[in-house]
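Next come the chains, spelled out residue by residue.
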Amino acid sequence: MERLATLYIDKESHKFSAAHYTIFSATERERLHGHNFSVSAMIAAPMGDNGFAADYNVYKRRIKGLCDELDEYMVLPGHSPYQSVVEDGDNYRVSFNGEDMWFLRSDTLVLPIVNSTVEEFAHYLLRRMLEESAGEALAELEICVASGPGQKGSARWSAMDEGIA
Ligand SMILES: Nc1nc2c(c(=O)[nH]1)N=C([C@H](O)[C@H](O)COP(=O)(O)OP(=O)(O)OP(=O)(O)O)CN2
């Protein structure tokens, strides 16, 4: 029977500062504010003959790289059903509930997510990690994103069902 091992990566340096607002409905959203989001991971992989399952330094580098991509940006969901994001010169014009907001494009990331929530960030980062880990012998991968102490969301992939939860 194959032996699996689980690695946990929870580093203080795996974080990104981002501005966002959560959208609750077509008419209700938070005010613009920021968080120091932190990212951790659980990786399950088969044990190798050499006594390790996967080199966690490889995954640490990937997580750090993804955090750096998001660091110090205004993060907008590109797939929200409630707001539109349109390029307008150097800015993005964002329309929500009859109001327009402009954000400098160079300060802003429009991500393929439906809301700027910890769970959507977790799903986005999970997809990116799976892309970067393609072809590797992983059994499970879970990414957890916290917006502060005691509040976090996660997304999990399993090779058993090839599903994302
Ligand atoms: N399911 C989710 N619900 C909420 C999310 C989220 O990402 N997923 N995010 C928010 C807010 O953006 C954010 O968490 C603000 O939280 P808030 O509690 O108002 O402020 P703090 O982070 O400072 O937490 P304190 O408990 O007040 O210290 C809301 N819901």
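Up top you'll find the structure we're talking about.
Quick caveat: nothing in here was measured; it's all calculated off a predicted structure. (Residues numbered from 1 in each chain as written. Predicted model: local features only at pLDDT ≥ 70, side-chain atom pairs only at ≥ 80, totals over all residues.)

**A look at the overall build of the protein**
Looking only at helices and strands, one finds two helices and eleven strands in the protein. Start at the N end of the protein and walk to the C end: the helices and strands fall as β-β-β-α-β-β-β-β-β-α-β-β-β. Each of the three principal axes of the protein carries a C-alpha extent, and together these read 60 × 30 × 30 Å. A total of 165 residues make up the protein; the buried ones form 27% of that total. (Helix = DSSP H or I, 4+ residues; strand = E, 2+ residues; numbered from the N terminus. Buried ≥ 20, exposed ≤ 12 C-beta atoms within 10 Å, placed from the backbone.)

**Some points on unusual backbone geometry**
In this model, Glu 72 sits at a positive phi of 65 degrees, which is unusual for a non-glycine residue. Within the secondary structure layout, Glu 72 lies in the loop between helix H1 (56–70) and strand E4 (73–77). Its identity is not glycine, yet Asn 97 carries a phi of approximately 50 degrees, on the positive side. For Asn 97, the location among the structural elements is in the loop between strand E6 (91–96) and strand E7 (99–104). The exposure class of Asn 97 is exposed, given the 12 C-beta atoms found within 10 Å.

**Things to note about the environment of Ala 44**
Mapped onto the fold, Ala 44 is located in strand E3 (residues 33–46). Setting aside residues up to four positions removed in sequence, Ala 44 forms contacts with Leu 4, Thr 6, Ala 139 and Glu 140. (Contact = placed C-beta atoms within 7 Å.)

**A word on the nonpolar core**
If you look at the biggest cluster of nonpolar residues, it comprises 27 residues, and the most contacted ones within it are Ala 122, Leu 125, Leu 126, Leu 141, Ile 143 and Val 145. Of all the secondary-structure elements, those providing two or more residues to this core are E3, H1, helix H2 (118–132), strand E9 (140–148) and strand E10 (151–158). Sort the elements by how many residues they give to this core and H2 lands first, with seven residues. Excluding residues within four positions of it along the chain, Ala 122 makes contact with Ile 143, Cys 144, Val 145, Gly 153, Ser 154 and Ala 155. In this structure, Met 74, Leu 76, Tyr 92 and Phe 103 belong to the second largest nonpolar core, which totals six residues. (Core = buried A, V, L, I, M, F, W, Y, C linked by C-beta atoms within 7 Å.)

**Things to note about the pairing of strand E2 (residues 15–20)**
Here six bridges tie E2 to E3, and the two strands are oriented antiparallel to one another. Counterpart to Ala 18 in the pairing with E3 is His 35. Note: E2 against E4, two bridges, orientation parallel. Residue pairing for E4: Ala 19 is matched across the bridge by Met 74. (Pairing = 2+ DSSP bridges.)

**A word on the site of the ligand**
The environment of the ligand is made up of Thr 22, Glu 30, Thr 117, Val 118, Glu 119, Ser 147, Gly 148, Gln 151 and Gly 153. At the level of secondary structure, the elements contributing two or more residues to the shell around the ligand comprise H2, E9 and E10. Grouping the constituent residues of the shell around the ligand by class yields one nonpolar, six polar and two charged. (Near = placed C-beta within 6 Å. Nonpolar A, V, L, I, M, F, W, Y, C, P; charged D, E, K, R; others polar.)

**A few points about H2**
Its 15 residues give H2 an end-to-end C-alpha distance of 21 Å, which sits within 8% of 21 Å, the value for a rise of 1.5 Å per residue. Of all the positions in H2, only Val 118, Glu 120, Phe 121, Ala 122, His 123, Tyr 124, Leu 125, Leu 126 and Met 129 are classed as buried. (Expected span 1.5 Å × (residues − 1).)

**Brief notes about the sheet that holds E6**
Spatially, three strands are ordered E5-E6-E7 in an open sheet, and the strand pairing comes out antiparallel. Each having just a single partner strand, strand E5 (83–88) and E7 make up the two edges of the open sheet. For this sheet, the mean inter-axis angle between neighbouring strands, taken without regard to orientation, is 25 degrees. Sheet analysis places E6 next to E7, joined by six bridges and oriented antiparallel. Bridging across to E7, Ser 95 finds its partner in Asp 100. (Axes fitted to C-alpha atoms, helices over the stretch in contact; angles between N-to-C directions.)

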